Amino acid sequence: MMNKKELMNNKYFIAALFLLPAVIFSLVYLIIPIPLSTYYSFFKWDGIGAMEFLGLENWSKLLSDPIFWSSMANNFKLVLISLVVQIPIALFLAVLLTRKIKGANFFKTIFFVPMLLSSIAVAFLWRYMYDPTFGLINGFLNLVGLEQLTRSWLGDSNIAFYSASAPIQWRFIPLYMIIFMAAISNIPKQLYEAAEIDGANNWQSFFYVTLPMLRSTVVNASVLIIVGSLKYFAMIFALTGGGPNHASELMATYLYTKSFTEMNMGYGSTISVALFLVALIVSVVFLNFSKKDVRN
Amino acid sequence: MMINKLKQLVIYLFLLIWLLITGYPLVFLVQNSFKIRMEFFRNPVWSLPESFTFQNYIEVMESGFYMYFINSIIVCFISVAIIIIVSALASYAISRIDFKFNKIVYILFLAGMMIPIHSTLIPIYKLTLSMGLYDRLSALIGPYVAFSLPISVFILTGFINDIPYELEEAAIIDGASRFRIFRDIILPLVKPAIATVAIYNLTLLWNQFAYALVLTSSPSKRILTLGLFEFQGQHGINIPLTLTALFLSVLPLILLYVFLQEHIIKGMTAGALKG
């Protein structure tokens, strides 16, 4: 038996004490829910009453559920759109703002504001801009004589998903802009001076100095976008609720609707586990990719 | 010289375009919040209000909206305080106490970042019900803390690793306990990192939505994001009124940003910049 003094000198015991609160919070609210969801996925359950064992029925239903697959496809489409839109625009703005121009700080200050708004606020702001009758966008199109382009941006199932993706881009571009600005200001000035002596113009110094030096930052930003795009929920939920007719459904909105609107928690848990697995696979693949890249 | 002037002009042109894309929706928000309902339907959306009336602001506040601010403040501040203590303790152990599994424990904490929180909603809902915390503000604190831990441990561990070990050596030789070293030496030194962690989590949790949606139900327990969501559901047809509620909901962080701009930008990008 160790006495108290010995115990307080035991580094394993001390380490455990320091780690204990963090471990408890993580286990209860982050880790254990995953195996628990897996367990629920084998049952039919409305969240309140008794659970009825179904075996693999929820899982076979999931595999043949076209809405689940289209929501997953939407998640991946969102990844692609976010990569193609956010990285180039953020990079472009960062390059402009790191040049010696008057007012750069003013522009940076304003450009960052969308990051401060909650997803719900951004969603509703855009909903009113998209409003077919009173919205800013159709109003503007009418004003400049492009009436033929006005449409029900969120009501037309062919374009609703793309309309719903726009505010996500709008909100997150500033984040990557700031990241790129920080990385650009870390590039040694001598590299640009050397390029200039060699007769490089602005474009050449961008492609031969800035871009190669930003490589690992761009890769890291891409990983953040990829992993983040699988977790979107609030913005789409508030903007379209996944509609019309599931056109803008994401895995997270679908899982919410099934679990908490239809109170089908067994099937909701099945979607939860599927979402977890997709996020896990994608994270492992891309983190490995980025690690290798950084090492090179 | 001419070419340089032209280049400058092109740069400003692009910056102005983005200023319009970023700024105009916000101007749209404010200008329409001063219109009364009929005026909004009568005039184009970009017209200036006929008179600056605060009628919408009064109506939003009288609907109980102010409660949502108080609720958000309470939940966020308590959560952030707990996050700072819990993550600082864990980061100290990972960084300074050699217990053989440091690296594994650290990686496991970071791996928490990969878990999509929506995958955890059903078990957390059930747990909250069975703990009798459903529809209480305190139900949000546990998930908030857990959700914020990975990034906080990441930032703080990195910071503590950079503190020279010599500062603690003297104290260890004097026989000070680990808790005293943590409290008297480490905590004062990591203050800047704690400020970053606090701002990062405060802004993220202030805008959090999913947990409140699932774990609370009565109007008196709504936090700001959920309050805005429900307000829109109820008054959505009255566009100027809803835009007013929207503007009020984003005002606290914008005001904070006006005073602490550099700190906020640094805090909000901390997770990404060090990653």
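Residues numbered from 1 in each chain as written. Chains lettered and ligands numbered in written order. Predicted model: local features only at pLDDT ≥ 70, side-chain atom pairs only at ≥ 80, totals over all residues. Heavy atoms only, no water.

For chain B, the name recorded in an unreviewed UniProt entry is Carbohydrate ABC transporter membrane protein 2 (CUT1 family), with Halanaerobium saccharolyticum as its organism. Per UniProt, the comment on chain B under Sequence similarities (unreviewed entry) is "Belongs to the binding-protein-dependent transport system permease family." In UniProt, chain B has this text filed under Subcellular location (unreviewed entry): "Cell membrane". (UniProt positions renumbered as here; feature names shortened; annotations may be inferred.)

Labelled according to an unreviewed UniProt entry, chain A appears under the name Carbohydrate ABC transporter membrane protein 1 (CUT1 family), originating from Halanaerobium saccharolyticum. Note on chain A: under the UniProt heading Sequence similarities (unreviewed entry), the record states "Belongs to the binding-protein-dependent transport system permease family." Listed under Subcellular location (unreviewed entry) in UniProt, the entry text for chain A is "Cell membrane".

## Some points on helix α5 (residues 121-130) of chain B
Two residues of an α-helix separated by three or four positions point the same way, owing to the 3.6 residues in each turn. Listed as buried for α5 of chain B are Leu-121, Ile-122, Pro-123, Ile-124, Tyr-125 and Thr-128 of chain B. Looking one or two residues past α5 of chain B, Gly-132 of chain B carries a phi angle of roughly 75 degrees, positive in sign. (Buried < 20%, exposed > 50% of the residue type's maximum accessible area, 1.4 Å probe, protein only. Helix = DSSP H or I, 4+ residues; strand = E, 2+ residues; numbered from the N terminus.)

## What to know about the UniProt feature "domain: ABC transmembrane type-1" (unreviewed entry) in chain B
The UniProt record annotates "domain: ABC transmembrane type-1" (unreviewed entry) at residues 69-259 of chain B. Secondary structure across residues 69-259 of chain B divides into 75% helix and 0% strand, with the first and last C-alpha atoms of the span separated by 19 Å.

## Observations concerning the UniProt feature "domain: ABC transmembrane type-1" (unreviewed entry) in chain A
Feature annotation in UniProt places "domain: ABC transmembrane type-1" (unreviewed entry) on residues 72-288 of chain A, given in this structure's numbering. Between the first and last C-alpha atoms of residues 72-288 of chain A the distance is 22 Å; the span itself is 72% helix and 0% strand.

## Things to note about the packing of aromatic side chains
Residue and element names in this part refer to chain A. For the structure shown, the criterion picks out 40 aromatic pairs over all chains. With centroids separated by 5.0 Å and ring planes inclined at 75 degrees, the aromatic side chains of Phe-237 and Tyr-256 adopt a geometry described as edge-to-face. Here Phe-237, found in helix α13 (residues 234-239), pairs with Tyr-256, found in helix α14 (residues 251-261); they are 19 residues apart in sequence, far enough to count as distant. By relative accessible area, Phe-237 is classed as buried at 14%. (Phe/Tyr/Trp six-rings, centres within 6.5 Å; stacked < 30°, edge-to-face > 60°.)

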